[in-house]
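Examination of the molecular architecture
Residues per chain, in single letters:
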Amino acid sequence: MTNKNPIRLPPLRVLRVRHPNRPESNPCLTVMSSVLACWASAGHTGRGCTTVEQALRACMDAPRPPPKSSNTINYHLARFSKRLIAQGKKNK
């Protein structure tokens, strides 16, 4: 059985996507936390921490990837919402 009257949604105040550009986590963050944990357990001059320290140095010296282009979804939604609001006013 089909519904004769479509479901009406309440009007949206703002047509927007929350945080489309989430910042990426730092890849060296986990290595740095490992170094700090090693220093906390073995002391700052701990000889067992050299491999972890070298891994942190290698991570920090590695070239950074180029930044990604920003997401333009909210820009396009703002343009689209003007048309929706204009059509809604004509129908009333």
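Details of the structure are given in the entry above.
Residues numbered from 1 in each chain as written. Predicted model: local features only at pLDDT ≥ 70, side-chain atom pairs only at ≥ 80, totals over all residues. Heavy atoms only, no water.

This part covers the overall build of the chain. When you go through the chain residue by residue, the secondary structure sums to three helices and zero strands. In the chain, the succession of helices and strands from N to C terminus is α-α-α. Within the chain, buried positions represent 12% of all 92 residues. The contacts in the chain between residues at least 6 apart in sequence include a share of 67% that link residues at least 24 apart. (Helix = DSSP H or I, 4+ residues; strand = E, 2+ residues; numbered from the N terminus. Buried < 20%, exposed > 50% of the residue type's maximum accessible area, 1.4 Å probe, protein only. Contact = heavy atoms within 4.5 Å.)

Over its 14 residues, helix H1 (residues 29-42) runs 20 Å from end to end, which matches the ideal 20 Å to within 8%, given 1.5 Å per residue. Here the buried face of H1 lies against helix H2 (50-61). With its phi angle positive at about 90°, Gly 43 sits one or two positions after the end of H1. (Expected span 1.5 Å × (residues − 1).)

Moving on, we come to the state of the cysteines. Taken as a whole and judged by the stated rule, the model has two disulfides. With a sulfur-sulfur separation of 2.0 Å, Cys 28 is cross-linked through a disulfide to Cys 59. On the sign convention where negative is left-handed, the bridge of Cys 28 and Cys 59, at about -100° about the S-S bond, is left-handed. In this pair, Cys 28 is assigned in the segment before H1 and Cys 59 in helix H2, connecting sequence segments 31 residues apart. In this structure Cys 28 comes out as buried when scored by relative accessible area, which is 7%. A sulfur-sulfur separation of 1.9 Å characterises the disulfide bridge that pairs Cys 38 with Cys 49. With the S-S bond torsion at -95°, the cross-link from Cys 38 to Cys 49 turns out left-handed. With Cys 38 in helix H1 and Cys 49 in the loop between H1 and H2, this pair connects stretches of sequence that are eleven residues apart. When sorted by exposure, Cys 38 lands in the same class as Cys 49, which is buried. Sequence-ordered numbering of the bonded cysteines in the chain gives a disulfide pattern of 1-4, 2-3. (Disulfide = S-S within 2.5 Å.)

What follows deals with the environment of Met 60. Within the element layout of this structure, Met 60 appears in helix H2. In this structure Met 60 comes out as exposed when scored by relative accessible area, which is 53%. Residues Met 60 and Cys 28, spaced 32 residues apart in sequence, show a C-alpha to C-alpha distance of 6.8 Å.

The next thing to look at is the side chain of Glu 53. For Glu 53, the location among the structural elements is in helix H2. Buried charge without a salt bridge: Glu 53, with Arg 57 as the nearest opposite-charge side chain at an N-O distance of 4.2 Å. Ignoring any residue separated from it by four or fewer positions in sequence, one finds Glu 53 in contact with Val 35, Trp 39 and His 44. (Lys, Arg positive; Asp, Glu negative; His and termini not counted. Salt bridge = Lys/Arg side-chain N within 4 Å of Asp/Glu carboxyl O.)

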